[in-house]
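The residues making up each chain are set out below.
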Amino acid sequence: MATRIDGKALAAKVKAQVAEKAAKLPRQPGLAVVLVGEDSASQVYVRGKEADCGECGIRSFPYRLPAETTQRELLDLIEKLNRDPAVDGILVQLPLPKPLEAAAVIAAIAPEKDVDCFHPYNVGRLNIGDPVFQPCTPAGVMEMLREYGISPAGKRCVVLGRSNIVGKPMAALLTQADGTVTLCHSKTPDLADITRQADILVSAVGKVNCVTADMVKDGAVVIDVAMNRNEAGKLCGDVDFAAVEPKASYITPVPGGVGPMTRAMLMRNILTAAESHLK
């Protein structure tokens with residue numbers, strides 16, 4: 001039976017470390033959180049991030065904008081926040097309501113305040129192995145592996161999903177940790193043949209039970225990044241947890257696995273930004 005990787009406990013540890021370091025700075029780190037529109041899921045995510053800021057001694061600057069906000073108005077706000085010395089990080093909650101263009105908004109954020117690590121400059125720095133920040137979810141996965149003594153070095157690593165937010169940066173970080181990485185997606189043929197070779201399998205597809213027991217080799221480390229709801233409305237990931245847990249050596253539950261670590265690593269990125277700005 002696999003060891004369950006406790007993301008909730010590790011996230012609490014990371015946030016306590018951030019709070020301790022933040023308390024020693026000459027001023028509070030600051031995060032501006034911009035939410036456009038009334039998307040209920042986005043509101044939940046934003047409230048969670050603001051609560052994390054409170055736990056970590058980080059000042060939160062909330063900006064709630066109506067869905068009718070224009071691209072120009074949003075870009076003007078970002079420019080204002082770029083110039084504000086009290087703001088170390090800028091987070092624009094995605095998705096944005098149409099017709100706002102997320103790519104232009106992300107590109108407008110000053111790279112040194114891009115604590116999500118979405119800006120093309122930061123993506124480039126990440127991919128050459130010299131990051132300013134690490135994207136929160138992949139960084140959280142790497143922290144979990146370190147905490148449990150799981151080294152990707154010399155291991156066969158398979159990542160399911162090629163999103164810019166998780167899949168691609170996850171593959172980059174595993175490669176930089178000396179893993180041999182295969183990045184799979186919806187067009188990958190013979191997927192199960194590839195996943196059965198994985199010593200470390202990371203799934204970020206967003207489809208209930210798309211990773212079944214026959215796709216996982218005995219003793220694999222299984223990291224489930226996805227957050228889905230099944231037919232009963234219960235939160236679950238990509239992995240058929242009940243069937244895969246007996247085969248794996250380590251596995252992340254959903255909820256309580258990668259999700260809390262994503263938020264904790266955002267707090268660490270804000271601290272990193274503040275330390276840089278205060279030098």
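Residues numbered from 1 in each chain as written. Predicted model: local features only at pLDDT ≥ 70, side-chain atom pairs only at ≥ 80, totals over all residues. Heavy atoms only, no water.

A separate point is the overall build of the protein chain. For the protein chain, the count of helices and strands is 10 helices and 11 strands. The C-alpha radius of gyration of the protein chain comes to 19 Å, within 12% of the 19 Å expected for a compact globule of 279 residues. Viewed in the frame of its principal axes, the protein chain has a C-alpha envelope of about 50 × 40 × 35 Å. For the protein chain, with 279 residues in total, the buried portion stands at 48%. Restricting the contact set of the protein chain to residue pairs at least 6 apart, pairs at least 24 apart contribute 70%. Surface accessibility of the protein chain: about 12,900 Å² in total, with carbon and sulfur atoms responsible for 53%. Charge centroids of the protein chain, computed over 32 positive and 32 negative side chains, lie 2 Å from each other. (Helix = DSSP H or I, 4+ residues; strand = E, 2+ residues; numbered from the N terminus. Rg over C-alpha atoms; globule rule 2.2 N^0.38 Å. Buried < 20%, exposed > 50% of the residue type's maximum accessible area, 1.4 Å probe, protein only. Contact = heavy atoms within 4.5 Å. Areas by Shrake-Rupley, 256 points an atom, 1.4 Å probe, with all protein chains shown as cover. Lys, Arg positive; Asp, Glu negative; His and termini not counted. Charge placed at Lys NZ, Arg CZ, Asp CG, Glu CD.)

What follows covers the packing of aromatic side chains. Applying the stated criterion across every chain, the model contains one aromatic pair. Ring centres 6.1 Å apart and planes at 75 degrees place the aromatic pair tyrosine 148 and tyrosine 250 in the edge-to-face group. Of the two residues, tyrosine 148 is situated in the loop between helix H6 (136–147) and strand S5 (156–160) and tyrosine 250 in strand S11 (residues 250–251); the sequence distance between them amounts to 102 residues. Accessibility expressed as a relative area gives 25% for tyrosine 148, which makes it partly exposed. The class of tyrosine 250 is partly exposed, set by a relative accessible area of 24%. (Phe/Tyr/Trp six-rings, centres within 6.5 Å; stacked < 30°, edge-to-face > 60°.)

Turning to the state of the cysteines, a few remarks are in order. Among covalent bonds in proteins, the disulfide is the one between the sulfur atoms of two cysteines. Throughout the structure, instances matching the rule amount to zero disulfides. With no disulfide partner, cysteine 56 has as its closest neighbouring cysteine sulfur the one in cysteine 53, 7.3 Å distant. With relative accessibility at 0%, the residue cysteine 56 sits in the buried group. Of the cysteine sulfurs around cysteine 117, a residue in no disulfide, the closest is that of cysteine 136, at 8.2 Å. (Disulfide = S-S within 2.5 Å.)

On to the environment of aspartate 218. With respect to the helices and strands, the residue aspartate 218 is situated in the loop between strand S7 (200–203) and strand S8 (221–224). With 21 residues separating them along the chain, aspartate 218 and glutamine 197 place their C-alpha atoms 9.9 Å apart.

Further remarks concern the sheet that holds S11. The strand order across the open sheet formed by six strands is S1-S11-S8-S7-S5-S6, and the pairing between neighbours is parallel. Two strands close off the open sheet at either side, each with one partner strand: strand S1 (3–4) and strand S6 (180–184). Relative to S6, helix H7 (residues 167–176) is tilted by about 170 degrees, and along the sheet it contacts S5, S6 and S7. (Pairing = 2+ DSSP bridges. Axes fitted to C-alpha atoms, helices over the stretch in contact; angles between N-to-C directions.)

Here we take up the environment of arginine 263. Topologically, arginine 263 is positioned in helix H10 (residues 258–278). Looking at arginine 263, the relative accessible area reads 35%, which means it is partly exposed. When the C-alpha atoms of arginine 263 and aspartate 52 are compared, they prove to be 7.5 Å apart, with 211 residues separating the residues in sequence. The contacts of arginine 263, once residues within four sequence positions are left out, are Gly48 and Asp52.

This part is about the pattern of salt bridges. Enumeration over the complete set of coordinates arrives at 15 salt bridges. Here arginine 125 and aspartate 130 are joined by a salt bridge, their closest N and O atoms 3.3 Å apart. Among the charged side chains, a salt-bridge network with shared partners connects Lys15, Asp52, Glu55 and Arg263. (Salt bridge = Lys/Arg side-chain N within 4 Å of Asp/Glu carboxyl O.)

To continue, consider empty space enclosed by the protein. Over the atoms, a rolled probe matching the size of one water molecule traces out where space is still vacant. In this structure the tally under the stated criterion is two cavities of 30 Å³ or more. By volume, the largest cavity amounts to about 50 Å³. Lining of the largest cavity is provided by Ile90, Val92, Leu94, Ile106, Ile109, Asp114, Asp116 and Phe118. Broken down by class, the residue content of the lining of the largest cavity amounts to six nonpolar, no polar and two charged. Estimates place the volume of the second largest cavity at around 40 Å³. Forming the walls of the second largest cavity are Asp224, Val225, Ala226, Met227, Pro253, Val254, Pro255, Gly256, Gly257, Val258 and Gly259. Grouping the amino acids of the lining of the second largest cavity by side-chain chemistry returns seven nonpolar, three polar and one charged. (1 Å grid on protein atoms, 1.4 Å probe; cavity = no way out; pocket = protein on both sides within 12 Å on 5 of 7 lines; lining within 4 Å. Points joined across faces, edges and corners; volume = space filled by probe spheres on them. Nonpolar A, V, L, I, M, F, W, Y, C, P; charged D, E, K, R; others polar.)

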